[in-house]
Amino acid sequence: MQYVSTRGQAAPMSYSDALLEGLATDGGLAVPVEMPEASGEQLEAWRDLTYPELAAEVLGLFATDIPRDDLARMTAAAYAGFPEGVVPVREIEDGLSLVGLSEGPTLAFKDMAMQFLGQVLEYALEERGWVQNILGATSGDTGSAAEHALRGKERVAVFMLSPQGRMSDFQRAQMFSLDDANVHNIAVAGVFDDCQNLVKELAGDIDFKRAQHIGAVNSINLARITAQVVYYFWAWLRATDAGGWTEVSFAVPTGNFGNILSGLYAKLMGLPVRRLVVATNENDVLDEFFRTGVYRPRGSAETLATSSPSMDISKASNLERFVYELVGRDPERLAALWAELGESGSFDLSAEQPRFAAEFGFVSASSTHADRLATIRSVHEATGEIIDPHTADGVKGARANLEPGVPMLSLETAKPEKFADTIREAIGVELDCPEDVAAMLAAPQRVTEMADDADTLRAFLEENALH
Ligand SMILES: *Cc1c(COP(=O)(O)O)cnc(C)c1O
């Protein structure tokens, strides 16, 4: 399988090339030249596989340059630390189930893809005899998942930018308490989008990127997108009966449009998916796009700090991969839309908007703080379960889009322990803090504070990067 850029100006790449490259050389995103197929009998044959086995099968359709045995070894290693079953699927009310994606080391769904990425990155670098310095931006969960997946690796160092003062105590502790020499935390005076813009500026400077061996593990990374495809297949296999060809819907708490894009890929591969509910918080740029067809990313000044902070994003990097499919995989039309976005700050696809749902299954929803509290409360009253604020945004969107006879699978993207303040506010429950978590919160923290300035960051990298 070869990968091409959405903007059409980069040479075709293998899976490993795309993984190491991050953004394509023309500024576009790597997409498979054609969507692999996995439907019908093939899908049924996967019913009894364990999660790591299924992951090797699904990833094998994308990573055709890696021998299948090596992939199987990597998926086994990636998910070895997870509880039995890896991804539990449990019904919380009639027709509505939670897909448990938060069983990894940082209690958030990003561990799922990141643990595989840690394996495959080291593998690809070893093959080539290279090192890589991962430069990333995080609103909280990406950074900690990346650092926990890459800590202590020999060929990789991590430089993670986060918005100063915008993460929860828990998220900060998860990142800043790591004392591995290959982990560098940088707190930027700004919001997440400022961090992401710094990363884009440095990674967009081809000479600098080459000289400093810069790589990326943020949500555009192909290994993450493809590893996330696995849990849509897994959840479908758990929620349906053998032989039936039952359609299911998914509700996905969305920020950078990474997770839900993987759901679209699963659908395009042939998985019977009916609706994909794009669930946002008050930062509702995607809800607006899916309702109107007009995409107008906001500036950092317009980005609200909410109680589902990992979704406080006003520019959704992976949306480009959906629009690429929407415009019939026409890189010229895609590039023209992004040029328009650059010039006028928006583009208008309202003429195509009816196709979003009809062809791709996309519907959308947004939540407020009050919605979040009410959803956490109602799920707790009905089931005794405590869900985290991001998962609550998904459940709200799921409930609004339930259809008779169509199982709705709502993705649990974090554990409630990470957001204890909001849980206390919603249901008055003080969550027990497990001993290892208490130790982590109390541990000394290591972080470099930095102005929102590209030159300062360049100098820091030149001094601290692996060469
Ligand atoms: C990252 C994150 C999201 C959003 O996922 P995207 O792939 O960026 O859309 C939602 N919930 C939590 C808890 C997250 O960490």
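Please refer to the structure higher up on the page.
Here is a short report on the structure shown in this document.

What counts, and where the lines are drawn
- Residues numbered from 1 in each chain as written.
- Predicted model: local features only at pLDDT ≥ 70, side-chain atom pairs only at ≥ 80, totals over all residues.
- Heavy atoms only, no water.
- Near = heavy atom within 4 Å.
- Polar contact = N/O pair within 3.5 Å; in protein donor to acceptor, adjacent residues only side chain to side chain.
- Areas by Shrake-Rupley, 256 points an atom, 1.4 Å probe, with all protein chains shown as cover.
- Nonpolar A, V, L, I, M, F, W, Y, C, P; charged D, E, K, R; others polar.
- Helix = DSSP H or I, 4+ residues; strand = E, 2+ residues; numbered from the N terminus.
- Salt bridge = Lys/Arg side-chain N within 4 Å of Asp/Glu carboxyl O.
- Buried < 20%, exposed > 50% of the residue type's maximum accessible area, 1.4 Å probe, protein only.
- Core = buried A, V, L, I, M, F, W, Y, C linked by side-chain atoms within 4.5 Å.
- Contact = heavy atoms within 4.5 Å.
- Expected span 1.5 Å × (residues − 1).

Quick notes on the site of the ligand
1) Next: In the vicinity of the ligand there are 15 residues, among which Lys110, Asp141, Gly255, Asn256 and Asn259 approach most closely.
2) Next: At a separation of 3.1 Å, an oxygen atom of the ligand approaches a polar backbone atom of phenylalanine 257.
3) Next: For the ligand, an oxygen atom lies 3.3 Å from a polar atom in the backbone of glycine 258.
4) Next: Its free accessible area being 380 Å², the ligand has 98% of it covered by the protein chains.
5) Next: When its residues are assigned to classes, the shell around the ligand shows five nonpolar, eight polar and two charged.

Topic: the environment of alanine 442
1) Next: Note on placement: alanine 442 falls in helix α19 (residues 435-442).
2) Next: Between the C-alpha atoms of alanine 442 and alanine 173, which are 269 residues apart in sequence, the distance is 8.1 Å.

Here we look at the pattern of salt bridges
1) Next: Applying the stated rule across the entire model yields 29 salt bridges.
2) Next: Note that arginine 372 and aspartate 393 form a salt bridge whose closest N and O atoms lie 2.8 Å from each other. Taken together, the residues arginine 372 in helix α16 (residues 369-383) and aspartate 393 in helix α17 (residues 389-400) connect sequence positions 21 residues apart. When sorted by exposure, arginine 372 lands in the same class as aspartate 393, which is buried.
3) Next: Here arginine 424 makes a salt bridge to aspartate 421, at a shortest N to O gap of 3.3 Å. Here the residue arginine 424 and the residue aspartate 421 both occupy positions in helix α18 (residues 420-427), the gap between them amounting to three residues, near one helical turn.
4) Next: Its relative accessible area of 35% is what places arginine 424 among the partly exposed residues.

Concerning the nonpolar core
1) Next: Phe116, Phe233, Phe250, Phe257, Phe322, Val323 and Phe362 are the most contacted members of the largest nonpolar core, which has 106 residues in total.
2) Next: Leave out the neighbours within four places in its chain, and phenylalanine 362 touches Phe257, Ile260, Leu264, Leu276, Val278, Phe290, Phe322, Phe356 and Ala357.
3) Next: Grouped together as the second largest cluster of nonpolar side chains are 21 residues, Ala137, Phe192, Leu202 and Phe208 included.

A few points about helix α8 (residues 192-203)
In an α-helix, one turn spans 3.6 residues, which is why side chains three or four residues apart end up on the same side.
1) Next: Counted at 1.5 Å a residue, the expected span for α8 with its twelve residues is 16 Å, and the 16 Å between its end C-alpha atoms agrees.
2) Next: Of all twelve residues in α8, nine are buried, a share of seventy percent or more.
3) Next: Those residues of α8 that fall on the buried side of the exposure criterion are Phe192, Asp193, Asp194, Cys195, Gln196, Leu198, Val199, Leu202 and Ala203.
4) Next: The inward-facing, buried residues of α8 contact β5 (132-137), β6 (156-163), β7 (183-188), α9 (206-211) and α20 (454-464).

So far we have only geometry, and geometry alone does not tell us how the molecule works.
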